[in-house]
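# Results of the structural survey
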Amino acid sequence: MSKEQPVALVTGGSVGIGAQICDDLRGRGYYVLNLSLTKPTKQHDGQRDVEVDLADVAATARVVTELASEYEITNVVHNAGVIRAALLEDVALEDVQYLVDLHIKATITIVQATLDAMKRANFGRIVIISSRAVLGLETRSGYSATKAAQLGLVRTWAMELGKYGVTVNAIAPGPIVTDMFTAVVPEGSEQAGRIADSLPVKRLGKPGDISRVVSFLLEPENGFITGQCVFVCGGASLGSLSL
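In this report, the structure presented in the accompanying data block is examined.

Procedures and definitions
- Numbers given to residues run from 1 along each chain, matching the order in which its sequence is written.
- Where totals are concerned, whole chains, interfaces and linings use all residues; where local detail is concerned, this predicted model gives features only for residues with pLDDT of at least 70, and gives and counts side-chain atom pairs only at 80 or more.
- With hydrogens and water stripped out, all remaining heavy atoms of the structure feed into the side-chain values.
- Secondary structure elements follow DSSP: runs of H or I of four or more residues count as helices, runs of E of two or more count as strands, with numbering from the N terminus.
- Residues count as neighbours in contact if any of their non-hydrogen atoms are within 4.5 Å of one another.
- Take the buried Ala, Val, Leu, Ile, Met, Phe, Trp, Tyr and Cys residues and link them wherever side-chain atoms come within 4.5 Å; each set so joined is a nonpolar core.
- Buried, partly exposed and exposed residues are distinguished by accessible area as a fraction of the type maximum, computed with a 1.4 Å probe on protein chains only: under 20%, between the cut-offs, and over 50%, respectively.
- DSSP calls a pair of strands paired once it identifies at least 2 bridges connecting them.
- When the strands point away from the viewer, a crossover counts as right-handed if the route from the first strand across the helix to the second turns clockwise.
- The charge count treats Lys and Arg as positive and Asp and Glu as negative. His and the chain ends do not count.
- Whenever a carboxyl oxygen of Asp or Glu lies within 4 Å of a side-chain nitrogen of Lys or Arg, that contact is scored as a salt bridge.

## So, the side chain of Thr-74
- Note that Thr-74 resides in strand β4 (residues 73–78).
- Leaving out residues up to four positions away in the same chain, Thr-74 has contacts with Val-7, Ala-117, Met-118, Ala-121, Phe-123, Gly-124 and Arg-125.

Written out as structure tokens, the structure is:
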């Protein structure tokens, strides 16, 4: 990578939305650091893949501290997430704790490790992939709660970091066809068709629908947008959503 090449740290970049984000950012000239539970099946020039369980706070801190010592990371996209679906009576507190570690503690740990570089550059872009489920969704107690907590981080950090040229925003995807989605709703199933028909746009989302918004929010020219949550959900945020 060249010294002038911008560096973007992306979590969960081996599959699904995260993989598309990495592809798009490489295409836009970023050098990408992908932190994921597993490495992608294909290696790419302009991308370094690091295996780490982001729900392991100590391991995450070690990895991001090391990377921050090697690279001037001024772009962070925390995309990694899991659902752990359960009705209220079946919610396991250990699952909730895992989601807290992954969705909240990892976010804080990563941003803390990269903040010095952003302050030195008087520039930074932080994008957190939240979820339309922050508005409520059956079987999503732990998921919706921790994804909603991310919005609190976004609004707080936007207020704290704006004076350093750092913007902080969230994206709340609706039903996007990824492996995580099809594990719950089989692709091409009657259920998938019903969900698509319930949306104003009459289709399910694709990873590119999210990655294009990520790329937009990371652009240096878009520094007047901060503390916001962009719902990229086909209109699902306009009313109730039933899976």
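## Digging into the nonpolar core
- With 36 residues, the main nonpolar core has Leu-35, Leu-54, Leu-67, Ile-73, Ile-126 and Val-168 as its most contacted residues.
- For this core, the secondary-structure elements that each account for two or more residues are β1 (7–11), β2 (31–36), α2 (57–70), β4, α3 (93–121), β5 (124–129), α4 (141–161) and β6 (166–173).
- Here Val-168 is in contact with Ile-126, Val-154, Trp-157, Ala-158, Leu-161, Thr-226, Gly-227 and Gln-228, once residues within four sequence places are set aside.
- Membership of the second largest hydrophobic core comes to 19 residues, among which are Cys-22, Ile-129, Ile-171 and Val-232.

## Describing the pairing of β1
- Along β1, 5 of the 5 residues are buried, which leaves the element largely enclosed by surrounding structure.
- Both faces of β1 are covered, namely the face carrying Val-7, Leu-9 and Thr-11 and the face carrying Ala-8 and Val-10.
- Relative to β2, β1 is paired through 5 bridges, and the arrangement is parallel. Across the sheet, the residue bridging to Val-7 is Tyr-31, located in β2.
- Each parallel crossover has a hand, and the one from β1 via helix α1 (residues 16–27) to β2 is right-handed.
- Where β1 lies against β4, 4 bridges are found, and the strand directions are parallel. Along β4, the bridge assignment pairs Val-10 with Val-77.

## Focus on the side chain of Lys-147
- Position of Lys-147 relative to the elements: it lies in helix α4.
- The buried charged residue Lys-147 lacks any salt bridge partner; its closest oppositely charged side chain belongs to Asp-53, at an N-O distance of 14 Å.
- With sequence-adjacent residues up to four places away left out, Lys-147 is seen in contact with Ala-80, His-103, Ile-129, Ser-130, Ser-131 and Val-134.

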